[in-house]
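Each chain, written out:
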Amino acid sequence: MPYALDPELAPWVAMLPAVPFDDLPAARAQESHLITMLARRENAFPVDVREATAPGPAGTPDVPVRIYTPKGAEETRPALVYFHGGGFCLGSTALSNGGTSMFAARSGAVVVSVEYRLAPEAPFPAGLEDCYTALVWTAEHAAELGIDPERIGVGGDSAGAGLAAGLALLVRDRGGPAPCFQYLGMPVLDDRLETPSMRAFTDTPALRRADVEACWDYYLGGPGIRGGDDVSPYAAPARAEDLSGLPPAYVAVNEFDPLRDEGLAYAQRLVQAGVCTELHLFPGTFHASTAVMDAEVSQRMITEAVGAMRRGMRVA
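What this report covers is the structure whose coordinates are included nearby. (Residues numbered from 1 in each chain as written. Predicted model: local features only at pLDDT ≥ 70, side-chain atom pairs only at ≥ 80, totals over all residues. Heavy atoms only, no water.)

### Some thoughts on the overall build of the protein
The following threshold applies: Each helix is a run of H or I in the DSSP string that is no shorter than four residues. Each strand is a run of E no shorter than two, and both are numbered from the N terminus. Computation of the radius of gyration draws on C-alpha atoms alone. For the globule rule, the value is 2.2 Å times the number of residues to the power 0.38. Each residue's exposure class comes from its accessible area (1.4 Å probe, protein chains only) as a fraction of the maximum for that residue type: buried when under 20%, exposed when over 50%, partly exposed otherwise. Note on contacts: a residue pair is in contact if any heavy atoms of the two residues lie within 4.5 Å. Using the Shrake-Rupley algorithm and a 1.4 Å probe, accessible areas are obtained, with residue cover drawn only from the displayed protein chains. Charge counting treats Lys and Arg as positive and Asp and Glu as negative, with His and both chain ends excluded. Where a charge sits is defined by one atom per residue type, namely NZ (Lys), CZ (Arg), CG (Asp) or CD (Glu).
On a plain count of helices and strands, the protein comes out with 9 helices and 8 strands. For the protein, whose C-alpha radius of gyration is 18 Å, the value lies close to the compact-globule estimate of 20 Å for 316 residues. On the principal axes, the C-alpha backbone points of the protein span a range of 50 × 45 × 40 Å. Per-residue burial for the protein yields a buried fraction of 53% across its 316 residues. Residue pairs in contact within the protein that sit at least 24 positions apart in sequence constitute 77% of those at least 6 positions apart. Accessible surface, the protein as shown: approximately 13400 Å² in total, 55% of it carbon and sulfur. Looking at the protein, you have 24 positive and 40 negative side-chain charges, and the mean spots of the two groups are 2 Å apart.

### As for the packing of aromatic side chains
Definition in use: Two rings belonging to Phe, Tyr or Trp (six-membered ring only in the last case) form a pair when the distance between their centres is within 6.5 Å. Interplanar angles under 30 degrees mark stacking, angles over 60 mark edge-to-face geometry, and anything in between is tilted.
Counted under the stated rule, the structure contains 10 aromatic pairs. Seen in terms of ring centroids, Phe-88 and Trp-216 are 5.5 Å apart; in terms of plane orientation they differ by 50°. Their pairing is tilted. With Phe-88 in the loop between β3 (77–83) and α2 (97–107) and Trp-216 in helix α7 (residues 209–220), the pair connects residues that are 128 residues apart, well separated along the chain. Measuring from centroid to centroid gives 3.8 Å for Phe-88 and Tyr-219, while their planes differ by 5°, and the two rings are stacked.

### Brief notes about the environment of Val-47
Mapped onto the elements of the fold, Val-47 is located in strand β1 (residues 47–54). The exposure class of Val-47 is buried, given its relative accessible area of 7%. Taking the C-alpha atoms as reference points, Val-47 and Asp-203, 156 residues apart in sequence, are found 38 Å from one another. Val-47 has contacts with Tyr-68, Thr-69, Pro-70, Lys-71, Ser-101, Ala-104 and Ala-105, leaving out every residue within four places of it along the chain.

### Describing the side chain of Ser-158
Along the chain, Ser-158 turns up in the loop between β5 (147–157) and α5 (159–174). Sequence-distant contacts of Ser-158, defined by excluding residues within four places in its chain, comprise Gly-85, Gly-185, Met-186, Pro-187, Val-188, Leu-259 and His-287.

### Structural notes on the side chain of Thr-93
The criterion, for reference: We define a polar contact as two N or O atoms separated by no more than 3.5 Å, with the added condition that, inside protein, one atom must be a possible hydrogen donor and the other a possible acceptor, whereas residues neighbouring each other in sequence contribute only through side-chain atom pairs.
Residue placement: Thr-93 occurs in the loop between β3 and α2. For Thr-93, the side chain forms a polar contact with the side chain of Glu-115, separated by 2.7 Å. If near-sequence neighbours (up to four positions away) are discounted, Thr-93 is found in contact with Arg-66, Tyr-68, His-84, Ser-113, Val-114 and Glu-115.

### Digging into α7
Basically, it comes down to this: Take the number of residues in a helix, subtract one, and multiply by 1.5 Å to get its expected span.
When the terminal C-alpha atoms of α7 are compared, their 17 Å separation across 12 residues agrees well with the 16 Å that a helix rising 1.5 Å per residue should span. Of all the positions in α7, only Asp-211, Val-212, Ala-214, Cys-215, Trp-216, Asp-217, Tyr-218, Tyr-219 and Leu-220 are classed as buried. Trailing α7 by a residue or two, Gly-221 shows a phi angle of about 110°, which is positive.

### Details of the nonpolar core
The condition that has to hold: In this description, a nonpolar core means a group of buried Ala, Val, Leu, Ile, Met, Phe, Trp, Tyr and Cys residues linked to one another through side-chain atoms lying within 4.5 Å.
Ranked by internal contacts, the top residues of the largest apolar core, which has 69 residues, are Phe-83, Leu-167, Trp-216 and Tyr-266. Per element, the largest residue contribution to this core is 10 residues, and it comes from α5. Non-local contacts of Leu-167, meaning those with residues more than four positions away in its chain, are made with Phe-83, Leu-128, Cys-131, Tyr-132, Leu-135 and Val-154. With 31 residues, the next largest nonpolar core counts Tyr-3, Ala-252, Phe-282 and Val-292 among its residues.

### Brief notes about the pattern of salt bridges
Worth spelling out the cut-off: Whenever Lys or Arg places a side-chain nitrogen within 4 Å of a carboxyl oxygen from Asp or Glu, that contact is recorded as a salt bridge.
Evaluation of the coordinates by the stated rule reveals 15 salt bridges. A salt bridge links Asp-173 to Arg-172; its shortest N-O distance comes to 2.8 Å. Take Asp-173: its relative accessible area is 44%, and that puts it in the partly exposed class. On the accessibility criterion, Arg-172 (27% relative accessible area) is partly exposed. Two residues, Arg-311 and Glu-278, come together in a salt bridge whose shortest N-O distance is 2.9 Å.

### With respect to the packing of α2 against helix α9 (residues 296–312)
The cut-off we apply is this: Only C-alpha atoms enter the line fits that serve as axes; for helices the fit covers just the stretch in contact. Angles between N-to-C directions range over 0 to 180 degrees. Throughout, the term roughly parallel applies to angles under 35 degrees, roughly antiparallel to angles over 145, roughly perpendicular to angles from 65 to 115, and oblique to all others. The crossing is said to be left-handed when, going from far helix to near helix, the turn is anticlockwise and less than a right angle, and right-handed when the turn is clockwise. Note that Gly is not counted as nonpolar here; it falls among the polar residues with everything else outside the nonpolar set of Ala, Val, Leu, Ile, Met, Phe, Trp, Tyr, Cys and Pro and the charged set of Asp, Glu, Lys and Arg.
Direction vectors running N to C along α2 and α9 enclose 60°, while the axes themselves pass 10 Å from each other. When the axis of α2 is compared with that of α9, the two are oblique. Handedness of the crossing formed by α2 with α9: right-handed. On the side of α2, the interface is formed by Met-102, Phe-103, Arg-106 and Ser-107, while α9 contributes Gln-299, Ile-302, Thr-303, Val-306, Met-309 and Arg-310. Each residue belonging to the contact of α2 with α9 can be placed in one class, and the counts come to 5 nonpolar, 3 polar and 2 charged.

What follows is the structure, given as structure tokens:
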């Protein structure tokens, strides 16, 4: 069906690579090629980058993290523990390097990018537990990282935003280090796939309903589980009955994205639960359309996300 895309975005749709979520080896080969190409480009943002490892609990693997520290002043900074997108089965700190570098440079916060385990090899709760490990490690090592432990936020895009939302619930219930803020960019939140946008948008650019179905099947451990009675709200935060006591949130959704309505509904429920929440729906956009960075709407989305991070983590 035709979509009223932003005029600056529409010409790029035909050039977007189709991600074969139903053929993971092919999708991962495509991703590896893209990482190789991106690695040839010099980092354009003034940040220092280093690798570290967050030790996992007994019996679990350690969690690699990539730390981006803005260059310049040496005062204690806030931090954003960030989880990349990729439908729970793709993505990496390397692939998201450009975005995380930009977030660090423009927000003034240290960004801790997490290499969580991917499905289907490591289905839920493996990836979420890795995110929890990384958050705890960041809080425990705040002094050596130059981080204010009272100003640590969590966030991500797409599946990474779903992990951030699930982590906020898990930390509240488990009593872990409480984030001061959650950034939820085009979040994956609901395995039931019953919203109007999920039913209608079967052929939208960059992400279709069929792609979301495949990703949930990978993440939850196989076909036949999504939409059932036993899915944890930590996997699908839209299922959580109580959203009270969560950190302030910034939620951004795209108009022509199957995920649109679950993001809208979650933001509304956060507000109703007394959680300070900012919600933006960007007209004419599609899933991950900020990849077309020169478009005015993409620049506005990025600027507003960075502004929300600065407010949420109280950057001076």
